[in-house]
Amino acid sequence: MPAAPGATRAVGMVPDELKLEPKSKGLTTPRKKKPKELAVITECCTGCAGSPACVEYCPVEDCMFWVPDEDNPPFGRIQVDPILCIGCKKCISKGPDGCFLDGCPWDAIVMIDTTEVEKEVGAMAI
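Here the structure is a predicted model, which means the values were calculated and not measured.

> Any chance you could break down the overall build of the protein for me, citing the residues and the numbers?
Broken down by element type, the protein carries two helices and five strands. For the protein, the succession of helices and strands along the chain, N to C, is β-β-α-β-β-β-α. For the protein, the proportion of its 126 residues judged to be buried stands at 34%. Accessible area of the protein: about 7,700 Å², with a carbon and sulfur share of 59%.

Laid out in structure tokens, this is it:
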């Protein structure tokens, strides 16, 4: 969903030129409040061979994106921009009793309290 005319585009922590495809598509407006939890990708991420399931479910433009593994091309993984994440948990959606429906098949995405993420990246305004 593109931004409305005159609206500002959300600016993330990671520069756009470092965000490679596949990238999440969707909302481009800045988030209205700081979420209680943010999605964090763990070292278990395999990038799903370049077709990650999680990216398709993220509703925020450029929030989730591909990062190449420079030591092992063409492999890579997904990363989350903490400034753009809205904490919606759509990237980790699971069905009843843990059966896989949507989201990460490797359980490589965890929701971390925003204050813990801020210890790593610094205080976030919103």
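There is more to say, and it comes next.
> Hey, could you go over helix α2 (residues 114-121) for me, with residue numbers and the actual values?
For α2, the set of buried residues is Thr114, Val117 and Glu118. Along α2, the residues classed as buried sweep out an arc of 105° about the axis, all on the same side. Among the exposed residues of α2, those pointing more than 90 degrees away from its buried face are Lys119 and Glu120. At its buried positions, α2 is contacted by β2 (37-41) and β5 (109-113). Positioned one or two residues after α2, Gly122 has a phi angle of 95°, which is positive.

> How would you explain the side chain of Glu118 if you had to name every residue and give the values?
Checked against the element boundaries, Glu118 lands in helix α2. The residues touching Glu118, leaving out its near neighbours within four places in the chain, are Lys34, Ala123 and Met124.

> Now, about the pattern of salt bridges: what can you tell me, with residues and values included?
The tally for this structure, following the rule as stated, stands at six salt bridges. For Lys89, the salt bridge goes to Glu37, with nearest N and O atoms at 3.1 Å. Taken together, the positions of Lys89 in the loop between β4 (76-80) and β5 and Glu37 in strand β2 put the pair 52 residues apart, joining distant regions of the chain. Looking at Glu37, the relative accessible area reads 28%, which means it is partly exposed.

> Describe the environment of Leu20, naming the residues involved and giving the relevant values.
Position of Leu20 among the secondary structure elements: in strand β1 (residues 20-23). According to the relative accessible area criterion, Leu20 is partly exposed, its value standing at 35%. With 42 residues separating them in the primary sequence, Leu20 and Asp62 have C-alpha atoms 9.1 Å apart. Once residues within four sequence positions are removed from consideration, Leu20 is found in contact with Phe65, Trp66 and Pro68.

What counts, and at which threshold
- Residues numbered from 1 in each chain as written.
- Predicted model: local features only at pLDDT ≥ 70, side-chain atom pairs only at ≥ 80, totals over all residues.
- Heavy atoms only, no water.
- Helix = DSSP H or I, 4+ residues; strand = E, 2+ residues; numbered from the N terminus.
- Buried < 20%, exposed > 50% of the residue type's maximum accessible area, 1.4 Å probe, protein only.
- Areas by Shrake-Rupley, 256 points an atom, 1.4 Å probe, with all protein chains shown as cover.
- Arc of directions from axis to C-beta.
- Contact = heavy atoms within 4.5 Å.
- Salt bridge = Lys/Arg side-chain N within 4 Å of Asp/Glu carboxyl O.

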